[in-house]
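# Fold and contact review
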Amino acid sequence: MKLFYSPGACSQAPHIILRETGTPFTLAKVDLGQHQTQDGGNYYDLNPKGQVPLLALDDGTTLSEGPVIAQYVAEQAGRQDLLPPVGSLARYKVLEWQNYITSELHKSFSPLFDPRIDAATKALFVQQLGKKYKWIDSRLEGQAYLTGDTFTVADAYLFVITGWAPGVGVDLSGLANVQAFLARVAQRDSVKAALAAEGLAKGA
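Notes on the structure in this doc start here. Just so we're clear, the structure is a prediction, and the values are computed from it rather than from any experiment. Here the residue numbering is sequential within each chain, running from 1 through the sequence in written order. Selection of residues for local features in this predicted model requires a pLDDT of at least 70, selection of side-chain atom pairs for listing and counting requires 80 or more, and totals for whole chains, interfaces and linings are taken over all residues. Note that water and hydrogens are dropped before the side-chain values are worked out from all heavy atoms of the structure.

## Some points on the overall build of the chain
Put simply, DSSP H or I for four residues or longer makes a helix, DSSP E for two residues or longer makes a strand, and each gets a number counted from the N terminus. Per the secondary structure count, the chain includes 8 helices and 5 strands. With respect to the three principal axes, the spread of C-alpha positions in the chain is 45 × 45 × 35 Å. Burial here depends on accessible area, computed with a 1.4 Å probe over protein chains only, as a share of the maximum for the residue type. Under 20% is buried, over 50% is exposed, and the range in between is partly exposed. For the chain, the proportion of its 204 residues judged to be buried stands at 45%. For this analysis, residues touch if any pair of their heavy atoms sits within 4.5 Å. Contacts spanning at least 24 positions in sequence make up 63% of the contacts within the chain whose residues lie at least 6 apart. Total accessible area on the chain is roughly 10200 Å²; 51% of this is exposed by carbon and sulfur atoms. Charged residues are defined narrowly, with Lys and Arg counted positive, Asp and Glu counted negative, and His plus the chain ends left uncounted. Just so you know, the charge point we use is NZ for Lys, CZ for Arg, CG for Asp and CD for Glu. Where the 18 positive side-chain charges of the chain centre and where its 20 negative ones centre are 4 Å apart. Methods summary: accessible areas were calculated by the Shrake-Rupley approach with a probe of 1.4 Å, and residue burial reflects only the protein chains presented.

What follows is the structure, encoded as C-alpha cells:
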C-alpha cells in the first residue's frame, strides 16, 4: 500500500492507523499547493479531487476519504479494538464519532485556512468550534477516549483535527479533558512514529 499525504493534514489520521495496525505501507508526500507528488507527478492524475489522503492498494485500486481509509485498514488488519465488529452497537458509536468529526469539526476548520474569507466570518467559525469542543470535553469526562477506555479510529481522527486549533486561533487550553486526551494520544508509539515520519516531531 502507498499513502499519499501532506504533513499535518487530515491524512495523518489514517497514517496513524496504518502504524497502529502494523500494516506494511510506503508514504508519498504531496504538495497540495502545486498538486504535485514528491516524484514530480501530477496529483490530479491520481486523485481528481486533488485532496489527501489517498491510499493506493497493491492491485492499483485507490481509496480516498480519511475515515473510509481508516475503516478499511482497521478491518483488513482484523483490529476490532480500533473498529468493533459489524452489527455491534460499539461499532456504530465509533462511526457516529467519525461522522461528527467529519461534518462538524473538520469542515468547520476548513474556512479558517482560507485567506479569501474575512475575519468576521472566521471569528464565527472559531466561536462555533469552541462550543463544539466544550461538548466534546464533557463527553470525555471520566474516560480515556471518545467511546470509553479503548483507542479507536475516531480518536486518531479527533487528535489530528484538534491539532490544528492553536494555529487558527481556537483556544482549547481551558478544556481539561480535551487536553488530557491530546496528551494521552500523543504518547502512543503509532502517533510518535507518524509525526516523526511527517517531519512534525518535536525537535524535528
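## Points about helix H3 (residues 66-76)
Buried within H3 are the following residues: Gly-66, Pro-67, Ile-69, Ala-70, Val-73 and Ala-74. Viewed along the axis of H3, the buried residues span an arc of 160 degrees, placing them on a single side of the element. Those residues of H3 that are buried are in contact with helix H1 (12-21), strand E4 (54-56), strand E5 (62-64), helix H4 (89-109) and helix H6 (153-162). Phi turns positive, to about 70 degrees, at Gly-78, one or two residues after H3. The arc in question is traced by the directions running from the helix axis to the C-beta atoms.

## Structural notes on the sheet that holds E5
Pairing between two strands is assigned when DSSP locates at least 2 bridges connecting them. Spatially, 5 strands are ordered E3-E2-E1-E4-E5 in an open sheet, and the strand pairing comes out mixed. Looking at which strands have only one partner, the edges of the open sheet turn out to be strand E3 (36-37) and E5. Two elements, strand E2 (residues 26-31) and E3, share 2 bridges in a ladder whose sense is antiparallel. Each residue of the ladder has a partner; that of Val-30, found in E3, is Thr-37.

## A short note on the nonpolar core
Residues enter a nonpolar core if they are buried and are Ala, Val, Leu, Ile, Met, Phe, Trp, Tyr or Cys, with the set joined through side-chain atoms within 4.5 Å. Counting residues in each nonpolar core, the largest one holds 50 residues, and the members touching the most others are Leu-105, Phe-109, Tyr-133, Ile-136 and Ile-161. At the level of elements, H1, H3, H4, helix H5 (119-139), H6, helix H7 (176-186) and helix H8 (189-197) are the ones that each hand at least two residues to this core. With 8 residues, the top contributor of residues to this core is H6. Those residues in contact with Leu-105, other than ones at most four positions away along the chain, are Tyr-100, Leu-129, Lys-132, Tyr-133, Ile-136, Leu-158 and Ile-161. Among the nonpolar cores identified, the runner-up in size contains 8 residues, and Ala-28, Val-30, Tyr-43 and Ala-56 belong to it.

## Quick word on the packing of aromatic side chains
Any two of the Phe, Tyr and Trp rings considered here, Trp counted by its six-membered ring, make a pair once their centres fall within 6.5 Å; the pair's planes then place it as stacked at under 30 degrees, edge-to-face at over 60, or tilted in between. One pass over the structure, following the stated rule, counts 9 aromatic pairs. Between Trp-97 and Trp-135 the ring centres are 5.4 Å apart and the planes differ by 35 degrees, which places this aromatic pair in the tilted class. In this pair, Trp-97 is assigned in helix H4 and Trp-135 in helix H5, connecting sequence segments 38 residues apart. Overall, the relative accessible area of 8% leaves Trp-97 in the buried class.

## Quick word on the side chain of Ser-11
In this structure, Ser-11 sits in the loop between strand E1 (2-5) and H1. Think of a polar contact as two N or O atoms within 3.5 Å of one another; within protein, one of them needs to be a possible hydrogen donor and the other a possible acceptor, and neighboring residues in sequence only count if both atoms come from side chains. There is a polar contact of 3.3 Å between the side chain of Ser-11 and the backbone nitrogen of Ser-6. Not counting chain neighbours up to four residues away, the residues in contact with Ser-11 comprise Leu-3, Phe-4, Tyr-5, Ser-6, Val-52 and Pro-53.

## Topic: the packing of H5 against H7
Two numbers describe how H5 lies on H7: the axes approach to 7 Å, and their chain directions differ by 75 degrees. Comparing the axis directions of H5 and H7 gives the class roughly perpendicular. On H7, the residues that touch Tyr-133, Ile-136 and Asp-137 of H5 are Ala-176, Asn-177 and Val-178. Residues are grouped as follows: Ala, Val, Leu, Ile, Met, Phe, Trp, Tyr, Cys and Pro are nonpolar; Asp, Glu, Lys and Arg are charged; all remaining types, including Gly, are polar. Counted by class, the contact of H5 with H7 contains 4 nonpolar, 1 polar and 1 charged residues. A fitted line through C-alpha atoms serves as each axis, taken over the contacting stretch for helices, and the angle formed by two N-to-C directions is quoted from 0 to 180°. Any angle between 65 and 115 degrees counts as roughly perpendicular, while under 35 counts as roughly parallel, over 145 as roughly antiparallel, and the rest as oblique.

## A word on the pairing of E1
One ladder, built from 4 bridges, connects E1 with E2; its direction is parallel. Residue pairing across strands places Lys-2 opposite Thr-26, the latter belonging to E2. Each parallel crossover has a hand, and for E1 linked through H1 to E2 it is right-handed. Clockwise travel from the first strand over the helix to the second, with the strands pointing away from the viewer, marks a crossover as right-handed.

## Let's talk about the pattern of salt bridges
A side-chain nitrogen of Lys or Arg and a carboxyl oxygen of Asp or Glu constitute a salt bridge if their distance falls within 4 Å. Taken as a whole and judged by the stated rule, the model has 7 salt bridges. For Arg-79, the salt bridge goes to Asp-81, with nearest N and O atoms at 2.8 Å. For Arg-79, a relative accessible area of 23% translates into the label partly exposed. A salt bridge links Asp-114 to Arg-116; the shortest N-O distance between them is 2.8 Å.

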